[in-house]
Amino acid sequence: MGDGGQRSGEGDDTVTAAATRVLFDEPGPRGRARIRLFTLLGLLLVAGVVALALYQFYKSGQLGRSRWLPFVQPAYIAFLAQGLKGTIIVTFAAALFSFPLGVVLALGRLSRSGLLRRVSTAYIELFRSIPLLLLIFAFLLALPRYGINLPILWKLVVPIVLVNVAVLAEIFRAGILAVDRGQYEAAAALGLREGTAMRSVILPQAIRLVVPTLVTQLVALLKDSTLGYVVSYPELLKQANNLTVFTHLLVQTYLIVAAVYVVVNLLLSRLAVWLERRLGSRTSSRAAAGVEGEGVRPEGVPQTLA
């Protein structure tokens, strides 16, 4: 089992290196030192800006207790909670359609069919170039004139899906291309058809490689939901805007909303770390099981597909 643990560790290192190559080339010692330096300088700059902003708020009386007390009232909390609920609905509705369609589009771009490949590529290049706000205005103002008048929620969700599918397709394609070529050959050696090999062998590994990037894209979907004000959908930022109209507590309202967005994004980032570790532990367990069954594995079949 010692040898199995060593092979499992080497497998994890290989997968981690492949995941890194999906996003960028791994920096050397000097590159890492520069990254640490610029990170430190960036943090100091942000801390300085925050300190200066807090000082200005203090001088203008925006930090006074009386200006924050309304936000502990149940009515204010419920109003903003309704907006947070709207944001979550938009985000996960968009994710529910974007992620599967992104896989389909990535497979289309990698297809052997020239027509399917050209159509998929054209869609990706087109919708990666169109601003999301322009698409939302099209669904809000242009399409209703031609009888296409969607509910308010879908006037926001559909444009978000159209744009993010193109981005996700490239992420999934990068993950598929990052899978070692030996995996394709091993699947063929087992007699798996191309579609079965892609579904059962290649895609699970590709998705594992790009899990952190997928969660980052989920954060992007969350940020895209803030465009709900265009269609008057009651997401968090729209509710905050409505609240400032009645209370005139603009600074306090938007600081609280910003804090909510930061907390949600941090939770999503923790989700990415948890998923990466969980998928990594599953891979390690399967690799160890493969080593234990090494004696009954057919000759020439790699351990990862046994």
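Just above, that's the structure.
Keep in mind that what you see is a predicted model, and the values were worked out from it rather than measured. (Residues numbered from 1 in each chain as written. Predicted model: local features only at pLDDT ≥ 70, side-chain atom pairs only at ≥ 80, totals over all residues. Heavy atoms only, no water.)

## Re the nonpolar core
Line of reasoning, step 1. Counting 57 residues, the largest nonpolar core has Phe 99 and Leu 156 as the members making the most contacts within it.
Line of reasoning, step 2. Of all the elements in the fold, those that place two or more residues in this core are α3 (74–109), α4 (114–127), α5 (132–142), α6 (152–178), α8 (194–209), α9 (211–224), α10 (236–247) and α11 (250–292).
Line of reasoning, step 3. Other than its neighbours up to four places away in sequence, Leu 156 contacts Val 90, Ile 136, Asp 224, Ser 225, Leu 227, Gly 228, Val 231 and Tyr 233. (Core = buried A, V, L, I, M, F, W, Y, C linked by side-chain atoms within 4.5 Å. Buried < 20%, exposed > 50% of the residue type's maximum accessible area, 1.4 Å probe, protein only. Helix = DSSP H or I, 4+ residues; strand = E, 2+ residues; numbered from the N terminus. Contact = heavy atoms within 4.5 Å.)

## Some remarks on the environment of Val 90
Line of reasoning, step 1. Tracing the backbone shows Val 90 in helix α3.
Line of reasoning, step 2. Taking relative accessible area as the criterion, Val 90 reaches 0% and is therefore assigned buried.
Line of reasoning, step 3. Apart from residues lying up to four places away in sequence, Val 90 is in contact with Leu 153, Leu 156, Val 157, Ile 160, Ser 225 and Tyr 233.

## Concerning unusual backbone geometry
Line of reasoning, step 1. Although it is not a glycine, Ser 232 sits at a positive phi angle of roughly 60 degrees.
Line of reasoning, step 2. Residue placement: Ser 232 occurs in the loop between α9 and α10.
Line of reasoning, step 3. Its identity as a non-glycine residue notwithstanding, His 248 has a phi of 60 degrees, on the positive side.
Line of reasoning, step 4. Checked against the element boundaries, His 248 lands in the loop between α10 and α11.
Line of reasoning, step 5. On the accessibility criterion, His 248 (62% relative accessible area) is exposed.

## As for the packing of α4 against α6
Line of reasoning, step 1. Where α4 meets α6, the closest approach of the two axes is 8 Å, and the angle between their N-to-C directions is 120 degrees. Between α4 and α6, the angle is such that the two are oblique. You can see that α4 and α6 cross each other, and the crossing is left-handed. Residues Tyr 123, Ile 124 and Phe 127 of α4 touch α6, and the partners they reach there are Leu 162, Val 163, Val 165, Ala 166, Ala 169 and Glu 170.
Line of reasoning, step 2. Taken together, the residues of the contact of α4 with α6 sort by class into eight nonpolar, no polar and one charged. (Axes fitted to C-alpha atoms, helices over the stretch in contact; angles between N-to-C directions. Parallel < 35°, antiparallel > 145°, perpendicular 65-115°, else oblique. Left-handed = near helix turned anticlockwise from the far one by under 90°. Nonpolar A, V, L, I, M, F, W, Y, C, P; charged D, E, K, R; others polar.)

Bear in mind that shape data such as this cannot, by itself, settle questions of function.
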